[in-house]
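Here is how the chains run, residue by residue.
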Amino acid sequence: MKRSKRPVIVCRCEEITEDEVRRAIKRGYYSLEEIKRVLRTGMGHCGGRGCLKIIARLIEEETGIPVAKQRFPCSRPPLKPLALGLLASYKYEEKNG
Amino acid sequence: MKKRTADAIVIGGGIIGAATGYYLAKQGLKVILLERNFPCAGSTGRCIGGIRAQFTHDLTIRVMLKSIKMFMELDSELGEDIEWYAGGYLFLAFDEERKKSFLQAIEIQRRYGLKVDFISPDECARIVPGLNQEGLLGGAWCPTDGQANPFKVTYGYLKGMERLGSKVITDSEVKRINIQGDKVVSVVTQTGDEFYAPVVLNAAGPWAEGVAQLAGVFLPVKPDRHEALVTEAVERCLEPMLVDYRSDGCYFVQHYKTGHFIGCYTPVPIVPGDRIDASDEFITEMPRRMVRLLPKLASVKVLRQWAGSYEMSPDGNPICGRTPVEGFYVAAGMSGHGFMFGPALGYLMAELITTGKSSIDISEFRLDRSFAKAEAMK
C-alpha cells in the first residue's frame, strides 16, 4: 500500500511524527524508554496509551526486535491529568491518618 | 563469552559516566562504557535538570562555575541542543536563620565572582510574578544559574564518545572486578563477558557502593528516595528555579522551551533505600506546597509523578578520585547534584585519570577525607 505523503502523527500529545521516530531509531535509540527520553513520546497527557504500541511496531520494523521482546515504560500516576489546586485540596493525612 | 580490551572502562551510563567517558575518549583513550540497564535509567534520567553555582563549599562553587561555563558551550561541543537556559535560581528565606545562612553563603560565593544578591520580598515578586510573599524575608538570587535537559546532555556525551571510537554497551551489569596484586585488571558482566583495562571508573550512582564492594573498596554512598512531578505545558510564567528550604518546602522550575513545570521536595525524614515507587503522600503534598508559593498554578494539571535516588555521601559532597586499588577510580556520592556537576567533574576526572592531576584540584573530594564539613545548600 502506498504511504500518504502527509506527515503521520504517532504521538498526538507531543505531536511527534512517524518520520521523527524512524529517524531516532536510525540514530541508535532502539528502545521505547530511549525514544521517550529523546522525543517525549509517552510523556504527554495520555501517558503513552496512544503512541507506545505504534512506536513499538516501528522499532520492530526498523530493528527486527519483536514487540513482545520490547520493554514498555511503566505507567505513572495520575492516570488522568489532575489540577494542582484539586490535588492540593485533598487532605492526605486525614484520609489515611 | 567475549573478551575485550580497552584503555578505560566506565561503569554507569548516567551523566557522570557519560561525561567522563566522553572526555577520556577526547584525550585519545579507547573507552568501553558499561550500563546495566539503558542510559539515564538511574538518577540522571529522573532529576529535574537544575544547574546552579549557589553552594557553600569553596571547591563545589569552583567546580560549578566551570560546569556552567561548559553547559553554555555544550551545544557546539556535542552538536546537540541540550536546552541550556540561564533562568537563574531564587532561594527563598522565610526565617532569620535561613536569611543569615544565605548571607554567609553569598559572601563565599562572591569571592569566586558569582553574581549573587540577597534581594527583598518585593524584588523576589518582580522576578516571580504572583509569588506569595507571606512570611517572606527575601531571597538569594543568582541570574546566571539555569536549567538543561538531562537526557539530551547524557545522550549527547554518549553519542560523542561513539563518534570518537569508544563503545557504549547497554544491558550489561558488572558482576565481578578482577584485581591482581593491588591493581585492577578486568571486569566481568552478567553474561560472562570480560573487559580488560588498566583503568576502571565506578560511576554507578545509587549503586556505587555495591560496585566498589566488588573491588573490595568501602565507599560510603547510600541512596535515598526523592519524588518529583511534572505538569502539562502552559504559557511561560516562571523564569528561575524557585527553592523553598522550609521543612515543608519544595523546589520547581518551568521548562523554558516546553512550558512544563517540574519539581520535587526533600522528604522529612528521608526515605532510605533505592526503592523508587511513587507515593500518594507526594502527589497531594507537592501540589499543596507549589500552590502555596505560586497560587496562580492551581489550575495547571499534573501529568505524571515518579521518583529517583539521590546518592548521598556523608557530607553531601561528591566522592571523586583514586581508591586503594590502583587503576580503580570513583566518581559518585553526588548527593542530588550529579547532573549539574557532570560536565566539570567528567572533564576533571578525565584529566586526573590521564595525567595524574586535574586543572582544578579536586583532592578535597577524595575518598579518604574526614566527611566532617557538610554542604549547607543541599
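What counts and how
Residues numbered from 1 in each chain as written. Chains lettered and ligands numbered in written order. Predicted model: local features only at pLDDT ≥ 70, side-chain atom pairs only at ≥ 80, totals over all residues. Heavy atoms only, no water. Buried < 20%, exposed > 50% of the residue type's maximum accessible area, 1.4 Å probe, protein only. Helix = DSSP H or I, 4+ residues; strand = E, 2+ residues; numbered from the N terminus. Contact = heavy atoms within 4.5 Å. Buried area = accessible area lost by both parts, 1.4 Å probe. Salt bridge = Lys/Arg side-chain N within 4 Å of Asp/Glu carboxyl O. Polar contact = N/O pair within 3.5 Å; in protein donor to acceptor, adjacent residues only side chain to side chain. Pairing = 2+ DSSP bridges. Axes fitted to C-alpha atoms, helices over the stretch in contact; angles between N-to-C directions. Parallel < 35°, antiparallel > 145°, perpendicular 65-115°, else oblique. Left-handed = near helix turned anticlockwise from the far one by under 90°. Nonpolar A, V, L, I, M, F, W, Y, C, P; charged D, E, K, R; others polar. Expected span 1.5 Å × (residues − 1). Bend = angle between axes of the 7 residues up to and from the residue.

Peer 1: Help me out: how do you make sense of helix 2 (residues 32-39) of chain A in this one?
Peer 2: For an α-helix, 3.6 residues make a turn, and residues three or four places apart therefore share a direction. Counting buried residues in helix 2 of chain A gives 8 out of 8 residues, a clear majority hidden from the surface. Taken together, the buried positions of helix 2 of chain A are occupied by A:Leu32, A:Glu33, A:Glu34, A:Ile35, A:Lys36, A:Arg37, A:Val38 and A:Leu39. Packed against the buried residues of helix 2 of chain A are strand 2 (16-17), helix 1 (18-26) and helix 3 (52-63) of chain A together with helix 5 (150-163) of chain B. Trailing helix 2 of chain A by a residue or two, A:Arg40 shows a phi angle of about 75°, which is positive.

Peer 1: Can you help me understand the interface of chain B and chain A in this one?
Peer 2: Bring the parts together and some accessible area is lost; that lost area is often taken as the interface size. Taken residue by residue, the interface counts 33 residues in chain B and 26 residues in chain A. On the chain B side of the contact with chain A, B:Phe38, B:Leu303 and B:Arg304 bury the most area, a combined 21% of that side's loss. The tally of links between chain B and chain A comes to 2 salt bridges. Between B:Glu80 and A:Arg27 there is a salt bridge, with the nearest N and O atoms lying 3.6 Å from each other. Scanning the region where chain B abuts chain A turns up 10 residue pairs in polar contact (both at pLDDT 80 or more).

Peer 1: What should I look at first to understand the sheet that holds strand 17 (residues 260-265) of chain B in this one?
Peer 2: Within a beta sheet, neighbouring strands are joined by backbone hydrogen bonds and run either parallel or antiparallel to one another. With respect to topology, 9 strands assemble into an open sheet ordered 3(A)-18(B)-14(B)-17(B)-16(B)-15(B)-5(B)-7(B)-6(B), the strand pairing being mixed. Each edge of the open sheet is held by one strand with a lone partner, namely strand 3 (82-83) of chain A together with strand 6 (117-119) of chain B. Where strand 5 (residues 89-93) of chain B and strand 7 (residues 138-142) of chain B come together, 5 bridges link them in antiparallel fashion. From the neighbouring strand, B:Tyr89 faces strand 7 of chain B, where its bridge partner is B:Cys142.

Peer 1: Even after reading the chapter, I still don't get the packing of helix 1 of chain A against helix 3 of chain A, so can you show me in this structure?
Peer 2: What describes two packed helices is the angle between their axes and the distance between those same axes. All names here are of chain A. Orientation of helix 1 relative to helix 3, taken along the N-to-C sense of each, is 50°, at an axis distance of 10 Å. The pairing of helix 1 with helix 3 is recorded here as oblique in orientation. The crossing of helix 1 and helix 3 is right-handed. Between helix 1, through Glu18, Val21, Arg22, Ile25 and Lys26, and helix 3, the contact on the second element is made entirely by Ile55, Leu58, Ile59, Glu61, Glu62 and Thr63. Split by residue class, the contact of helix 1 with helix 3 holds 5 nonpolar, 1 polar and 5 charged.

Peer 1: When you look at helix 2 (residues 58-78) of chain B in this model, what are you seeing that I'm missing?
Peer 2: Residue and element names in this part refer to chain B. Here helix 2 contains 21 residues, and its C-alpha end-to-end distance of 29 Å stays within 8% of the 30 Å for a straight helix at 1.5 Å per residue. When the local axis directions of helix 2 are compared, the greatest deviation, roughly 45°, occurs at Met72. Where helix 2 is concerned, the buried positions are Leu59, Thr60, Ile61, Val63, Met64, Ser67, Ile68, Met70, Phe71, Leu74 and Leu78. Gly79 sits one or two residues past helix 2 and shows a positive phi near 65°.

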